[in-house]
Every structure is written in C-alpha cells, then in structure tokens.
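Coordinates in review
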Amino acid sequence: MTHPPSVGRAPHRAPEQPPAPTAAPAPPQPSARAAAIARLRAAATTEPGRLQIIGAVLALLVLVFGAVTAFEISGRAASADDVVERSQPLSADAAGIYRSLADADAAAASGFLAGPQEPRAVHEQYVKDIEEASRLLVKAAANTDAGTTSGREITTLNEGLPRYAGLIERARAANRQGLPLGGAYLRYANQQMSGELLPAAERLYKAETGRLDGDHRSARARPWFSLGAGVLALAVLVWAQRRNYRRTNRVFNHGLVAATAAATVLLLWLAVGHTVARSDLAEADSHGQRSMDVLNRARIDSLKARADENLTVVARGAVLTADGKNDKYETDYTAGMKALGEELAAAVKLADDTGDTTGGKPVAAASKAVTEWQERHRTARKTDDAGDYESALEQIIGQENSTGESFKKVDDALRDALAHEQDDFTRAARDGRGALGGLPVGAAVLAVLGAVAAIVGINRRLSEFR
Amino acid sequence: MTAKDPGTGRGRLRRLRGWGGVTAMAAACAVTASLTLLPLSHQGDDVFGPQVTGPGAAHALQARADTCTDPEASVRPGEVDGDAVRKIKERGKLIAGVDQNSFQWGFRNPESGDLEGFDIDLVRAIAKDILGDGGKVIFRAIPTNQRIAALENDKVDVVVRTMTINCARLQQVSFSTAYFQAGQQVLAAKEDHSITGFNSTLAGKRVCTAEGSTAYEALEKESFGSAFKDKHDGTAADEDRLTVPNQLDCLVRLQLGEVDAVVTDNALAAGQAAQDPAVELKGDPFTTEYYGVATKKGANDLVARVNKVLVDYRAGGADSLWMKSYREWLEDGLPGIGAPPAPKYRD
C-alpha cells in the first residue's frame, strides 16, 4: 500500500525537468498557465525540446502504468487475502454457529426422549454444541462492528442463547422428576430456537457469506486500468523508438529498449498473474464455496428435521399445525427432509459439474442415508401411531437400525463433504492469492526502472545536441 | 371439530349445546347435581351406589339420543357379548387408547416406564371385568387428534383419555356414562392473592389459555379486562405467548412469569398443580363437562359392558374403586370431590 503514493508523486518531477534547460522566452508576465503553455510551445519547435517532452511523457506513462498496477493489484490481493483469511473463515464460523445451535436442539430432544437419565454421550454433545456456539459468537463479535447487520444478529444470539439453555435445563430437571412439564419446556425451548435463534444465525450466515461473495468479486475483477495503462505505455514506447529510428537510423536506443522490456514484463506479469489468480479464485468459488453453501444448508436442515422428528415423539400430537389437521412437528419434519433432499441433489450436481469425484462420494453417501432415514421414519411413525410407543422410541433413538443411526450417517457424510470442500476452497483461494504475490512491489520496481531507462535513453539522444 | 382442540383436545363449545335440559335436571335433582357439594357427599354415596337406576327425575327429563339434547345419557349396563366384546375376548387383550403426557390421568412413570393415572386405572378395571385380568391390556398412546380415527380404524377398542362427551363426537363414536365431571377454572400462583377466580380480579392480568379452547372462548365472551390474546393469533407469526398450543404450555409461561393466570379445565389444571406446588386452583369451576369412555360408534355391547364396569367402579361409597383412584391421583390437585358423577341412561 505504500507504493502507489510514492510512485504517484514521481511523475510530477519529470515534467518539471524539460522547461529548466530550455529557459523561458518570458513574455511580459501573463498568467502562469499561459506562460507554461508558451514555454511548451516554444520547446516543441526544436528537436531537443521535443525530445525532452517525449522523454517526460514516456517516463510518466511507465510510472503511471506501474502505479496503477501496484494500486489495483494491491486491492485485488487485499480482497483475495480477505477471502482466505477473513471473510471465508467468518462465513464458516457463522455456519458453525448455525450448525451448533441446530445440533444442540436436536441433541437436547434426543436426550430428553431417552428418559430421566439421558445418555451421557448425548448430553456431552449438547454441552459441546453450546460451548462451540458461545466460542464462535465471541470470535464473530470481535470481528464485527456492533452497528452492522451481523453485529445485531450476534447480539440477538448472545441474548437468546443463555435463555434457551435455561429452558433446556428446566426441561431436564422436570424430566428427571418424570413430570410431563419437562416436555412443555423442551417444546418452548425449541420454539425459541427455531423461532428466534436459528433465524438470527441464518441471517448472520447470509450476511457473512454476502461479505465473502463481495470480497470474491472484488478480487476477481479485471484490472482494466492497469492493463490499459500498460498497453498505452508500450504503444508510446514503440512509437518513440520508431521515431528515433527514422531520425537517426539507429535501430536500438538501449534506454528505450530497457524501458520497453520493463513495461512488457510488467504487462505480462500483470495479465498472466491476475488471470491465474482469477481462475484459482473462480475454482475456489465453484468447487468450494458454492458446494459448502449448499452442504451447510443441507446439514442444518438435517439437524432441524432430526429435532422435529424427536419432538413429534415428545409432543405426541399436543401441537398441531395452524389448520389443526396435522401434527406440527411431523409436518415440519417432512418439509425439512424435502429441503434436505433438494439441497443434496444440488450438491450432487455441483460435484458432477466440477468433476469432483472425491467430493461427490460423501454427498452420495448422505443421499443414501437420507433415503434410509425416511424409510425408517415411516416405519417408526407407523409403530408409534399404532400405539407401540416403546418400539417406536427404539426405532427413533436406538443405537441400531434407528432413524438416529441414519441421521448420524447423514451428518457424518455431510461433515466429510464439507471438510473436503473446505480443503478445496482453501487450497484454490491460497493459490489465487499467491498468484498476485509480489506483483505490486514488482510493478513499482519495474516502473521506476522503466522510467529511469526511458529518461536515460532520451538523455543519451539529447546529449548529441550539445 | 373446528377448534384446534389442544391439550386433551376437547372441543368444548359444542357440548355446551343442549345444556338447558341438563341444567334443569340438575336443579330438579340437587342430590346428583354437584360433586363439590361436600356436605352432601355421604348422602351422595348412597345415590351413586350400586343401585344404578339413578334418580327417576333424571329419566323424565332425558331427551332422545337422536336429537342429542343430553349427550351424557348412555345405554343401560349389560353383560351380553356382542361382536365388540367377543373380539376382545378372542384376542385375549383389551386395546386401549390413552394419553401418556397428561399428568395424573395418563402418563409414563419415569422409573418403571409404565403408564399410570386415573384413566389407566379405569382401563385396567375394564380389562379385569371382560378378561378377568387387569394386566391383559395393550396400551396405545395416541395423540389427541387421533382419538376418533383410532376407534374408527379399529386400532383400539376403547379410548380412555380425558375425552369429553359431546353431541358432535356422538356422531362419530359412542360414549359410556360419565366417569368424571370437570369444568373450567382459574389457576394462579398460591402467593398471588389478587386473583380469586374467574371474575373481575383478572382485570389487567395476563391470562394464558390453549388456542381454540373453551377457556379462550369464555374469555372472549367476558375477559374482565384481562389480556389474553396475542397480537398475531391465528397467523403464522403467532407469538404463542398468551394463547399456546397446549394447556401445559400455560404452566411454563406461568412459571417463567410471562403470564399471571391460566384458565383451563380443572382436571388438567389439577395435573398442572400437581407438577408445581406453588400454584393452585382459584375460585369455582364456571362450566360443567363430563368425561366418558369412547368406543367405536354402535358398539353398544361394549358400551353396556363398560357402563356395567362403571357401576361397579362407582359402588362402595368412600371405599369405591373410583374414590381410591381419585385419592391416589387427583385429590392433591383437585381436592373436595366426594363422589363420582351419577350415570344417566337413555331409557
């Protein structure tokens, strides 16, 4: 970032030079501007004067090229850096908050169903989820201004989480005493979770993902100004050498050749470097980010569906849909599973489109487990509706052949798929950022070298007039 | 059933129809009128005793079933096996649809995992009578909205699940005689002396009811200046703060200090009070409704058999099975009941 200003200042020195040796004809003090124009006009009438002007323009163009490149690429590199180091991790953290909350809710309901003494592993999972969500919230808060959308969602989450955890503890306490009241507390906690916390987490995730997309776009935007400045500088350099050749019959002016070489190297570096960065970032986006987005949503929908499935058994028809015809939780479960199916289909398509066979495997496994889950769920519902509660419970929270087992398969497969996509993303985005590495500094150095070389070359020619 | 029928899901509105006759009957026959008339409880025991013919005045006022002015009137007790009873005997098991989340009525004992409660005791008594063994029962915990469907689809023989007898339901199922009288009542914190019942002391209070319940309808008629509606009731944005999906949710709101009082059916309120020693019923019930055992429509042999079981169940005064079960499950939360409701018959 320190380069552009210093380089930017340099051109001003160059135009100062030519007027000095020629000395002004100095008409009787018109305005300063008119005087400068008059001086230039006078200079343009002689060859040394013209050469001085050409030299100044060449140096200026090469410096401008370097400065614009350094400036534009610094911006692109900063955006690419943000993608890798800041916005993607923040987006992943927001997804982590979202997921931890949904998982905590599913775990709380599972533990509740198991009876007054919930399985240790299930409770530990719940505690871990709450801790993880709290930890990520602190991290997210540290990286976010309180006044922004994300800041407000973080506040909502920070306020709601302890309240949710309190309701769950009341549910556990009542369940431990065998009071049906525990189920009512659990449903209230779930209402807080699905009505306030999860929507806030989703908005946070969306905001962070939006920020990531923005960084992505600005990193990938073509550096048109730099490219234009480069082409212009080269064109003028070529013209100057052609003019020189015509007037002196000398093929090479070493200074100008060196300047041309420097500008050409910089232009190629710029074009190739950014194109590579662009394609790496595009790959990070298409292979990693988009898949991750779909997979994150799929994972959260699977968690919500699991919580709804458990609550169907907890509530046992105590809560109906708005029209009073169907069980609310069963209806929510069905909707969640439908969304999950669609998201998995999208993930499969993304993996196919990008030829990502490794990434496709866990997604296919997840799809298979979802089918199994739905079949088992139908069986469990049938058992439950027939009044065989004990068997239905076993079919839902049991260790083997239960919907819980299928759900775990889905969750594990999605976790693997996400880890794979995250690796893909990080690798490609790092490559993209790396492709821009050194370019701003290189642009500054090459431009200064080129400008110096151009002035040296022109001065050499000028010296022949003395 | 247009009401959402949450909790134990009784659509309480309909059953209010045709109460003129009942009220007249009750007035004419004060002995049978109220379970809360403590001084009369001993006298009541005699009336509700084994001689189940009941007061003659009641019959005189009874309307015919098809016009449904008196839904509590059921078929006479009998022991003649028809298809329904024979099926149970052949199977060797009675299949009963019950609740498992209604504290003290039908709920799962967390230690044993077994179903227990006032309704469950009655189911066992029916099984004992028909099959000779109170253990020969398959309990099916059915959701509120599946009660009628479970009977129609032969998934269960009887539904004993705090189910209120009313005319609309009589179109779909048959009911035994009433085995419990309930009514709407106010529940609030014991410490809260500012609320004394369903009256003007509710002014300015936040009152919780189950969506679409009789209690909610009662408040709509006369709210006494209380707040009992959510801003977005009936829409997807429903806050579920004052009107909630299930009556038990009201106890959650009451404990969290989000509401000041609950209006619900006292039988269920008793279940709430039993789960929280800091709350109690305030004032008297302000409606009357009866629970009955439901069977598939037209299974008159089974209804008659259940009515016979109920005759025996009520018999014995303070030592009757009914009173024993009452004392075990309900008395703590719903004190002051001296006898079961009197049976009424169609002829």
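Just so you know, these numbers come straight off a predicted model, no measurement behind them.

1. Examining the overall build of chain B
In terms of helices and strands, chain B carries 13 helices and 13 strands. For chain B, the proportion of its 347 residues judged to be buried stands at 60%. Sequence separation of 24 or more characterises 71% of the internal contacts of chain B that already satisfy a separation of 6 or more.

2. Here's the deal with the overall build of chain A
Looking only at helices and strands, one finds 14 helices and zero strands in chain A. Secondary structure elements of chain A occur, N-terminal to C-terminal, as α-α-α-α-α-α-α-α-α-α-α-α-α-α. For a compact globule of 466 residues, the expected C-alpha radius of gyration is about 23 Å, and chain A comes in at 34 Å, more than 25% above that figure. Oriented by its inertia axes, the alpha-carbon framework of chain A measures out at about 110 × 45 × 40 Å. A total of about 21100 Å² of accessible surface is found on chain A, and carbon and sulfur atoms cover 57% of it.

3. So, the state of the cysteines
Residue and element names in this part refer to chain B. Inspection of the entire model under this criterion finds two disulfides over all chains. Note on cysteine connectivity: C68 is disulfide-linked to C167, with sulfurs 1.8 Å apart. Taking the sign of the torsion about the S-S bond as the criterion, the disulfide between C68 and C167, at about -100 degrees, is left-handed. Linking C68 in the loop between α4 (56-61) and α5 (83-91) with C167 in helix α8 (residues 167-170), this pair joins segments that are 99 residues apart in sequence. For the pair C68 and C167, one class covers both residues: buried. Paired by a disulfide, C208 and C250 hold their sulfur atoms 2.1 Å apart. Its torsion about the S-S bond being -85 degrees, the disulfide of C208 and C250 is classed as left-handed. Of the two residues, C208 sits in strand β9 (residues 207-210) while C250 sits in helix α10 (residues 247-255), which places them 42 residues apart along the sequence. Each disulfide in chain B links cysteines that, numbered along the sequence, combine into the pattern 1-2, 3-4.

4. Digging into the sheet that holds strand β10 (residues 243-244) of chain B
Residue and element names in this part refer to chain B. Spatial ordering of the open sheet is given by β10-β9-β11-β8-β12, a layout of five strands whose pairing is mixed. Only two strands of the sheet have a single neighbouring strand rather than two, namely β10 and β12 (279-282). Sheet topology note: the β9/β10 ladder contains two bridges and is parallel. Within the sheet, the bridge partner assigned to T209 lies in β10 and is T243. Along the sheet face, helix α9 (residues 214-221) touches β8 (184-189), β9, β10 and β11 (261-265) and points at about 130 degrees away from the line of β9. Each of β8, β9, β10, β11 and β12 touches α10; the most contacted strand, β9, lies at about 155 degrees to it.

5. As for a nonpolar patch on the surface
A cluster of nonpolar side chains, namely Y245, V251, F252 and V257 of chain A, defines an oily patch on the protein surface of about 390 Å² accessible area. Within the element layout of this structure, V251 of chain A appears in the loop between α8 (224-248) and α9 (254-315).

6. What about the pattern of salt bridges?
Going through the model one piece at a time under the given rule, you end up with 50 salt bridges over all chains. Between R250 of chain A and E464 of chain A there is a salt bridge whose closest N-O contact spans 2.8 Å. Note that R250 of chain A is positioned in the loop between α8 and α9 and E464 of chain A in the segment after α14 (439-463), a separation of 214 residues in sequence. Taking the relative accessible area as the measure of exposure, R250 of chain A reaches 39% and is therefore partly exposed. One connected set of salt bridges, linked through shared partners, spans E79, D81, K89, D129, R305, K308 and D312 of chain B.

7. Quick look at the environment of L115 of chain B
Residues and elements named next belong to chain B. By secondary structure assignment, the location of L115 is in strand β4 (residues 115-116). In this structure L115 comes out as buried when scored by relative accessible area, which is 8%. Filtering out sequence-adjacent residues up to four positions away, L115 remains in contact with V98, D99, Q100, F107, R108, I120, R124 and F139.

8. Here's the deal with the confidence of the model for chain A
Mean pLDDT over chain A works out to 87, with 92% of the residues at or above the 70 mark. Counting interchain partners and residues more than four positions distant, the pLDDT-below-50 stretch residues 1-24 of chain A has 20 contacts.

9. Quick notes on helix α12 (residues 389-397) of chain A
Within the span of α12 of chain A, buried status applies to Y389, A392, L393 and I396 of chain A. Looking down the long axis of α12 of chain A, one finds its buried residues gathered within 100 degrees of arc, a one-sided arrangement.

10. Some thoughts on the nonpolar core
General note: in soluble globular proteins, nonpolar side chains tend to be found buried as a group. If you look at the biggest cluster of nonpolar residues, it comprises 144 residues, and the most contacted ones within it are L101 of chain A together with Y179 and F180 of chain B. For this core, the two domains that each supply at least three residues are domain 1 (1-182 + 289-347) and domain 2 (184-282) of chain B. Among residues more than four places away in sequence, those in contact with L101 of chain A are A133, L157, L161, M193, L197, L198 and A201 of chain A. Counting residues in each nonpolar core, the second largest holds 37 residues, with I73, A259, A263 and L270 of chain A among its members.

11. Quick look at the packing of α9 of chain A against helix α13 (residues 403-435) of chain A
Relative placement of two packed helices is described by the angle separating their axes and the distance separating the axes. Residues and elements named next belong to chain A. At a closest axis distance of 8 Å, the pairing of α9 and α13 adopts a crossing angle of 160 degrees. When the axis of α9 is compared with that of α13, the two are roughly antiparallel. At the point where α9 passes α13, the crossing takes the left-handed sense. Across the contact of α9 with α13, the residue classes break down as 17 nonpolar, 11 polar and 10 charged.

12. Re the interface of chain B and chain A
The interface is formed by 29 residues belonging to chain B together with 34 residues belonging to chain A. Summed over both sides, the interface between chain B and chain A buries roughly 2600 Å², with carbon and sulfur atoms accounting for 52% of that surface. Our count for the contact surface shared by chain B and chain A stands at three salt bridges. Between chain B and chain A we count seven residue pairs in polar contact (both at pLDDT 80 or more) in total. Mapped by element, the contributors of at least two residues to the side of chain B that touches chain A are β3 (106-108), β5 (137-141) and α10 of chain B. In terms of residue count, α10 of chain B provides more of the side of chain B that touches chain A than any other element does, six residues in total. Looking at the side of chain B that touches chain A, its residues break down into 12 nonpolar, eight polar and nine charged.

13. Side note on the side chain of S79 of chain A
All names here are of chain A. In this fold, S79 is placed in helix α4 (residues 47-113). Looking at S79, the relative accessible area reads 11%, which means it is buried. In this structure S79 touches D215, S218 and A219, once residues within four positions along its chain are discounted.

Each value, and the rule that gives it
Residues numbered from 1 in each chain as written. Chains lettered and ligands numbered in written order. Predicted model: local features only at pLDDT ≥ 70, side-chain atom pairs only at ≥ 80, totals over all residues. Heavy atoms only, no water. Helix = DSSP H or I, 4+ residues; strand = E, 2+ residues; numbered from the N terminus. Buried < 20%, exposed > 50% of the residue type's maximum accessible area, 1.4 Å probe, protein only. Contact = heavy atoms within 4.5 Å. Rg over C-alpha atoms; globule rule 2.2 N^0.38 Å. Areas by Shrake-Rupley, 256 points an atom, 1.4 Å probe, with all protein chains shown as cover. Disulfide = S-S within 2.5 Å. Pairing = 2+ DSSP bridges. Axes fitted to C-alpha atoms, helices over the stretch in contact; angles between N-to-C directions. Patch = residues over 30% accessible without salt bridge, like charges linked within 9 Å, V, L, I, M, F, W, Y side chains within 5 Å. Salt bridge = Lys/Arg side-chain N within 4 Å of Asp/Glu carboxyl O. pLDDT = per-residue confidence, 0-100. Arc of directions from axis to C-beta. Core = buried A, V, L, I, M, F, W, Y, C linked by side-chain atoms within 4.5 Å. Domains from an automatic or database assignment. Parallel < 35°, antiparallel > 145°, perpendicular 65-115°, else oblique. Left-handed = near helix turned anticlockwise from the far one by under 90°. Nonpolar A, V, L, I, M, F, W, Y, C, P; charged D, E, K, R; others polar. Buried area = accessible area lost by both parts, 1.4 Å probe. Polar contact = N/O pair within 3.5 Å; in protein donor to acceptor, adjacent residues only side chain to side chain.

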